[in-house]
Amino acid sequence: MKMTIDQLAALVNGRVIGNGSGVIEGAAGLAEAKGSDASFVRDAKNAAVLKELAATAAGAVIVPEGVPANGKTYIEVKSPVAAFAALLKLIAVEKEIRRPAGVHASTVIAPSAKIGKGVLIGPFCVIEEDAVIGDNAKLIAQVYVGPRSKIGPETLLYPQVTLREDVNIGARCVLHAGVVIGGDGYGFYFADGRHNKIPQVGTVVVEDDVEIGAGSAIDRATTGRTVIKKGTKLDNLVHIAHNVEVGPHALLAAQVGIAGSTKIGKGVAMGGQVGVADHANVGDGVQIGAQSGVKGDVEAGAVLFGSPAQPIQETLRQIFLIRRLPELFKFMKSLQGKKE
Amino acid sequence: MKMTIDQLAALVNGRVIGNGSGVIEGAAGLAEAKGSDASFVRDAKNAAVLKELAATAAGAVIVPEGVPANGKTYIEVKSPVAAFAALLKLIAVEKEIRRPAGVHASTVIAPSAKIGKGVLIGPFCVIEEDAVIGDNAKLIAQVYVGPRSKIGPETLLYPQVTLREDVNIGARCVLHAGVVIGGDGYGFYFADGRHNKIPQVGTVVVEDDVEIGAGSAIDRATTGRTVIKKGTKLDNLVHIAHNVEVGPHALLAAQVGIAGSTKIGKGVAMGGQVGVADHANVGDGVQIGAQSGVKGDVEAGAVLFGSPAQPIQETLRQIFLIRRLPELFKFMKSLQGKKE
Amino acid sequence: MKMTIDQLAALVNGRVIGNGSGVIEGAAGLAEAKGSDASFVRDAKNAAVLKELAATAAGAVIVPEGVPANGKTYIEVKSPVAAFAALLKLIAVEKEIRRPAGVHASTVIAPSAKIGKGVLIGPFCVIEEDAVIGDNAKLIAQVYVGPRSKIGPETLLYPQVTLREDVNIGARCVLHAGVVIGGDGYGFYFADGRHNKIPQVGTVVVEDDVEIGAGSAIDRATTGRTVIKKGTKLDNLVHIAHNVEVGPHALLAAQVGIAGSTKIGKGVAMGGQVGVADHANVGDGVQIGAQSGVKGDVEAGAVLFGSPAQPIQETLRQIFLIRRLPELFKFMKSLQGKKE
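Numbers given for residues are sequential positions, taken from 1 along each chain in its written order. The lettering of chains begins at A and the numbering of ligands begins at 1, in the order of writing. This being a predicted model, a pLDDT of at least 70 is required before a residue's local features are given, and a value of 80 or more before pairs of side-chain atoms are given or counted; all residues contribute to the totals for chains, interfaces and linings. Side-chain descriptors were evaluated using all non-hydrogen atoms of the structure, hydrogens and water having been removed beforehand.

1. Some thoughts on the overall build of chain A
Phase 1: Numbering goes from the N terminus for both helices and strands, where a helix is a DSSP run of H or I of at least four residues and a strand is a run of E of at least two. In terms of regular secondary structure, chain A is built from 5 helices and 40 strands.
Phase 2: All radius of gyration figures rest on C-alpha atoms, and the globule criterion is 2.2 Å times the number of residues raised to 0.38. Its C-alpha atoms give chain A a radius of gyration of 26 Å, more than 25% over the compact-globule value 20 Å for 340 residues.
Phase 3: Taking the principal axes of its C-alpha atoms as reference, chain A extends roughly 80 × 75 × 30 Å.
Phase 4: For chain A, long-range pairs separated by at least 24 residues make up 18% of all intrachain contacts whose partners lie at least 6 apart in sequence.
Phase 5: In short, Shrake-Rupley with a 1.4 Å probe defines the accessible areas, and a residue's cover is counted only from the protein chains shown. Total accessible area on chain A stands at roughly 13,200 Å², and carbon and sulfur atoms take up 53% of it.
Phase 6: A gap of 4 Å separates the mean positions of the 36 positive and 33 negative side-chain charges of chain A. The contact criterion used throughout is that any non-hydrogen atoms of two residues lie within 4.5 Å. Just so you know, the count uses Lys and Arg for positive and Asp and Glu for negative, and it drops His and the chain ends. Think of each charge as sitting on NZ of Lys, CZ of Arg, CG of Asp or CD of Glu.

2. Some points on the pattern of salt bridges
Phase 1: We define a salt bridge as a contact between a side-chain nitrogen of Lys or Arg and a carboxyl oxygen of Asp or Glu at a distance within 4 Å. The final tally for this structure, using the stated rule, is 50 salt bridges over all chains.
Phase 2: As a salt-bridge pair, Arg148 of chain A and Asp166 of chain A come within 2.8 Å of each other at their nearest N and O atoms. Separated by 18 residues along the polypeptide, Arg148 of chain A in the loop between strand 15 (144–145) and strand 16 (150–151) and Asp166 of chain A in the loop between strand 18 (162–163) and strand 19 (168–169) bring together distant segments of the chain. Here the two residues Arg148 of chain A and Asp166 of chain A agree in accessibility, since each one is buried.
Phase 3: For Glu96 of chain C, the salt bridge is made with Lys138 of chain C, and the minimal N-O distance between the two is 3.4 Å. Of this pair, Glu96 of chain C sits in the loop between helix 3 (80–95) and strand 8 (102–103) while Lys138 of chain C sits in strand 14 (residues 138–139), and the two are 42 residues apart along the sequence.
Phase 4: Note on Glu96 of chain C: relative accessible area 35%, which makes it partly exposed. For every residue, the accessible area obtained with a 1.4 Å probe (protein chains only) is divided by the maximum for its type, and the residue is called buried under 20%, exposed over 50%, and partly exposed between those limits.

3. Side note on helix 3 of chain C
Phase 1: Expected helix span is computed as 1.5 Å times (number of residues minus one). Here helix 3 of chain C contains 16 residues, and its C-alpha end-to-end distance of 23 Å stays within 8% of the 22 Å for a straight helix at 1.5 Å per residue.
Phase 2: Pro80, Val81, Ala83, Phe84, Ala85, Leu87, Leu88 and Ile91 of chain C are the residues of helix 3 of chain C that are buried.
Phase 3: Elements in contact with the buried residues of helix 3 of chain C: strand 22 (188–191) and strand 23 (194–197) of chain B together with helix 1 (5–11), strand 4 (26–27), strand 5 (37–40) and strand 6 (60–63) of chain C.

4. Quick look at the relation of the copies chain C and chain B
Phase 1: Of the two same-sequence chains, chain C is brought onto chain B (RMSD 0.0 Å, axial shift 0.0 Å) by a rotation of 120 degrees. Taken together, the turn and the small shift mark the pair as related by a three-fold rotation axis.
Phase 2: Little of the interface of chain C is mirrored in chain B, where only 20% of its interface residues again form contacts. In this comparison the copies share one frame, found by least squares on the C-alpha atoms of residues holding pLDDT of at least 70 in both.

5. A word on the relation of the copies chain A and chain B
Phase 1: Overlaying chain A on chain B yields an RMSD of 0.0 Å, the required transformation being a rotation through 120 degrees with an accompanying axial translation of 0.0 Å.
Phase 2: The share of interface residues of chain A whose copies in chain B are also at the interface is only 17%, consistent with the copies meeting through different surfaces.

6. Re the environment of Phe305 of chain C
All names here are of chain C.
Phase 1: On the secondary structure map, Phe305 appears in strand 39 (residues 303–305).
Phase 2: Considered as a pair, Phe305 and Leu316 are 11 residues apart in the sequence and their alpha carbons are 8.2 Å apart.
Phase 3: Residues in contact with Phe305, not counting those within four places in the same chain, are Gly289, Ala290, Ser292, Gln310, Ile312, Thr315, Leu316 and Ile319.

7. Thoughts on the confidence of the model for chain A
Phase 1: The predicted model of chain A has a mean per-residue pLDDT of 96, with 99% of residues at 70 or higher.
Phase 2: Scored as a whole, the predicted complex attains pTM 0.97, and scored at its interfaces, ipTM 0.96. Summary of the metric used: pLDDT quantifies the predictor's per-residue confidence within the range 0 to 100.

8. Examining the pairing of strand 6 of chain C
Residue and element names in this part refer to chain C.
Phase 1: Alternating residues of strand 6 divide into Ala60 and Ile62 and Val61 and Val63, and every residue in both groups is buried.
Phase 2: Note on pairing: DSSP must find at least two bridges between two strands before they are called paired. Direction of pairing for strand 5 relative to strand 6: parallel, over a ladder of 3 bridges. Each residue of the ladder has a partner; that of Ala38, found in strand 6, is Ala60.
Phase 3: Seen with its strands pointing away from the viewer, a crossover is right-handed if its path from the first strand over the helix to the second goes clockwise. The parallel pair strand 5 and strand 6, bridged by helix 2 (residues 47–55), forms a crossover whose chirality is right-handed.
Phase 4: Alignment of strand 6 against strand 7 (residues 74–76), held across 3 bridges, turns out to be parallel.

9. Quick notes on the sheet that holds strand 5 (residues 37–40) of chain B
Residue and element names in this part refer to chain B.
Phase 1: Read from one edge of the open sheet, 5 strands run 2-7-6-5-4, paired in mixed fashion. Strands with a single pairing partner mark the edges of an open sheet, and in this sheet they are strand 2 (15–17) and strand 4 (26–27).
Phase 2: Sheet analysis places strand 4 next to strand 5, joined by 2 bridges and oriented parallel. In the strand pairing of strand 5, Gly26 is matched with Asp37.

10. Regarding the interface of chain C and chain B
Phase 1: Facing the 55 residues of chain C at the interface are 64 residues of chain B.
Phase 2: Of the roughly 4,700 Å² buried where chain C meets chain B, counting both sides, 64% is carbon and sulfur surface.
Phase 3: Three residues stand out in chain C for area buried against chain B, namely Lys95, Phe124 and Phe329 of chain C, and they jointly supply 13% of the buried area on that side.
Phase 4: Summed over the shared surface of chain C and chain B, the result is 3 salt bridges.
Phase 5: The residue Glu128 of chain B makes a salt bridge to Arg99 of chain C at a minimum N-O spacing of 2.4 Å.
Phase 6: Distance and chemistry together define a polar contact, namely a pair of N or O atoms within 3.5 Å, with one atom able to donate a hydrogen and the other to accept it when in protein, and with adjacent residues in sequence counting only for side-chain atoms on both sides. Connecting chain C to chain B are 24 residue pairs in polar contact (both at pLDDT 80 or more). Here the buried area means the combined drop in accessible surface, using a 1.4 Å probe, for two parts upon being joined, counting both sides.

11. Remarks on the environment of Val119 of chain B
Phase 1: Checked against the element boundaries, Val119 of chain B lands in the loop between strand 10 (114–115) and strand 11 (120–121).
Phase 2: Distance in space between the C-alpha atoms of Val119 of chain B and Gly170 of chain B is 15 Å, their sequence separation being 51 residues.

12. Considering the environment of Ala38 of chain B
Residue and element names in this part refer to chain B.
Phase 1: Within the secondary structure, Ala38 is located in strand 5.
Phase 2: The class for Ala38 is buried, based on a relative accessible area of 0%.
Phase 3: Taking the C-alpha atoms as reference, Ala38 lies 44 Å from Val108; in sequence the two are 70 residues apart.
Phase 4: Leaving out residues up to four positions away in the same chain, Ala38 has contacts with Leu8, Ile24, Gly26, Ala27, Ala28, Ala60, Phe84 and Leu87.

13. Observations regarding the side chain of His249 of chain A
Phase 1: Positionally, His249 of chain A belongs in the loop between strand 30 (245–246) and strand 31 (251–252).
Phase 2: For His249 of chain A, a relative accessible area of 14% gives the class buried.
Phase 3: Apart from the residues within four sequence positions on either side, His249 of chain A is in contact with Lys229, Lys230, Gly231, Thr232, Gly267 and Val268 of chain A together with Gly193, Arg194 and His195 of chain C.

14. Observations concerning the interface of chain A and chain B
Phase 1: Between chain A and chain B, the residue contacts involve 63 residues of the former and 55 residues of the latter.
Phase 2: Approximately 4,700 Å² of surface area, both sides summed, lies buried where chain A meets chain B, with 64% of it carried by carbon and sulfur atoms.
Phase 3: When residues of chain A are sorted by the area they lose upon contact with chain B, Tyr186, His195 and Phe331 of chain A head the list and together hold 15% of the total.
Phase 4: Scanning the region where chain A abuts chain B turns up 3 salt bridges.
Phase 5: One salt bridge in this structure joins Lys95 of chain B and Asp166 of chain A, with 3.8 Å as the shortest N-O distance.
Phase 6: Inspection of the chain A/chain B interface yields 24 residue pairs in polar contact (both at pLDDT 80 or more).
Phase 7: Every element with two or more residues in the side of chain A that touches chain B is listed here: strand 21 (180–183), strand 22 (188–191), strand 23 (194–197), strand 26 (217–219), helix 4 (312–323) and helix 5 (325–339) of chain A.
Phase 8: When residues in the side of chain A that touches chain B are grouped by element, the largest group, 6 residues, is from helix 5 of chain A.
Phase 9: Polar here means any residue outside two lists: the nonpolar Ala, Val, Leu, Ile, Met, Phe, Trp, Tyr, Cys and Pro, and the charged Asp, Glu, Lys and Arg; Gly therefore counts as polar. For the side of chain A that touches chain B, the per-class residue count stands at 27 nonpolar, 22 polar and 14 charged.

Next comes the structure, spelled out in structure tokens:
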């Protein structure tokens, strides 16, 4: 990646303010950037950011409209984050595996599996009977694809992903290393002095444009389907139980856990380590703060926090009052003193 | 799987109410079932369930005694969940890997390892020196079995399980994809300005009929043994530290973490994301609500909730009173107003 | 491992009290030890430990100065834990994989990769282009090393570790099974009705003497570096987000999660399941109790507990007062009764 500031501006539909002839070879945050890096500012009104901007060594800074001139070279755009992402995309492409499309000789593929065009399958993968790998999909290495499972076109599986049998992954998904899709749901019944397994014969559907973080585990349904709807993004080490539905376009941060049969609506956003109990219904657009614990249904648009979770304003007020409890007990004591 | 309702009833020791000649080819929940599916009702008295039952398209519904007739075809049994599980088992068997028993040519097996009869070992497994694989065990693919480790008969290991050296897995266990058994316990001592490793030379014993969810990690003991006792079921992403004992017949939901040397008794049940501190002793039959944090010993039979965990009634009462704190502060203010 | 008590004492610079001719073949805790085991006592003043010491069957007990004689054979040393660790090290060495150094024939190594001297690379590893494996490093089996990634000398990677491209692992590190280093940071921007990926082109630096527990995931930076500084020890299933810095010499217990761009200082210690929000700055020497939730900056040396985290004394006082809330409400009621 090497281009002039003018070329970069053309790429991101931006307007150069300053000298466009400098050469950009990388990207970095304002504080870390060198003269050969482009950087960016998201918010033209954040004082701390403007201070960093004044001090940056970046060769060019992608900015929104309204950033005051300070002698630096700017590329003014409508959406700095989108423009910066476009630049990062150019850099990312250079870092990709250079291995040509094709199936590595070591990989074990059942004769009945169907492999699309332009597919890259790296070493030590296992593709079981009747699996289907879509066009231009990439399985970097050591991936397991169970019987009858399907991977959509242009989907990327990093090393050591396991897809169990009969799961269905959409197009343009990204599954990070160590992801497990289709493990048995956690279902047992107690009889004869022990927990007996309820076989889990349902499946998992991961729709298009879903990204799933490293080490996350999504269980198959008891019967029917566990569904991660289109455009949903899961961070690392997330647990999704059997028969759950999430999304579309939901964001679940790292270490979130969703218990069985719960439905998480469109555009829901959860902070890290949130837990949601089973059979809950979390409405569209709900936002849930980190470490919260949700039980039961949540109305669309609610903003929750706490364990147990409540509307965030109530939780924050209670936290404030809990911190004033010593005052309250002191007052009670003073009254009791009077009474005696 | 294809059988008449009469045949299904015979299989589960049930009594057909209605027409037993219909054909069943699958299983589903009441709401999702088609005419070729059998479904089931667990609780004959749940009004919401009876409503779903009235509306179901299922060809047959497995029910307990006492469900009012509504024109649907029932199979009446003593334990609907056990009968439904038996049906699911038939379906599950059909979905199993069809690869015949035997060791895949790619797998690397030390000459001193002992492989039982009827064993299935898939591609890219590694079986180290003096390991023992019991009769009819299945290692689906890409499994690692360390030196001197033992796997009991009929145990099933999904892809990308790691068993470190000297661990002992019982009979009929199920280890889901990505499970790690026998990683080093987290033991260090501080000296010379740094944390120095305490080598972890103990082992892990997983007794018979244990199931361990995807991505869970069970550490080896410093010396002695970490033990998961028979019939215990762990969900996904559970952490078990060194020298812990769990079970028998305990249930630990997803993302539970148990710190070092803690003992979890018989039949203990924990909700998701529970944490238990080190050197605690949690008695038989204890139940712990999701996200609770337990420190110290817990009497047998206790029902706990909260972080820090307390008897659930106390925690619920405190939560109720915390929500009334604004009222209390208002009252204090009114009294203070009077006082002035 | 087989040596006399005298030999063991010489090894650990200790003084034998009693008969040094007995033979030691193993190590165990006081309660589990047999006559052929050595055990140890950390704290000479703990009454429960002294009781266990009186009852132990251990052939020799490593003790600090000042433990009262009780007829057992002691090895008196300055640091019993260091001496016991030295003994465990001898036992651990015997349990190591006996495979000679060298690269297993099945492993796939890019021609441009550089493999150091004395390296052990087990079956089914993948070493991509321009990767560098330091002298005496061990990759037990099924490890993935991405393009241009570097592993320092004497570093140990257990099975099924994934290092993505361009990550840099120091010397003498231990990465347990299932660890993922360099997965994409969780970065998206919302536009056109969906979450769009911000490519993550930064990297991860893991400095010397770091240990990372099974299943932990450390994301690469958006730009720049995620850094785990020297001597830091992470337990199992820990999540480290993009652009985080941790350490040096920090201790993060199991299931801890650190959100993006947060800095965790020198010698910080966190209990299990702690969460730290993004862009926080946790000062040197901070200690944080299990399950705490930290947001914003924390002064060096602080001791925090709770979710939200506060100085531990405040949180404990609040917990104490919350438990007394019923008393407070009763008092209010009694006053209100009077008022009416």
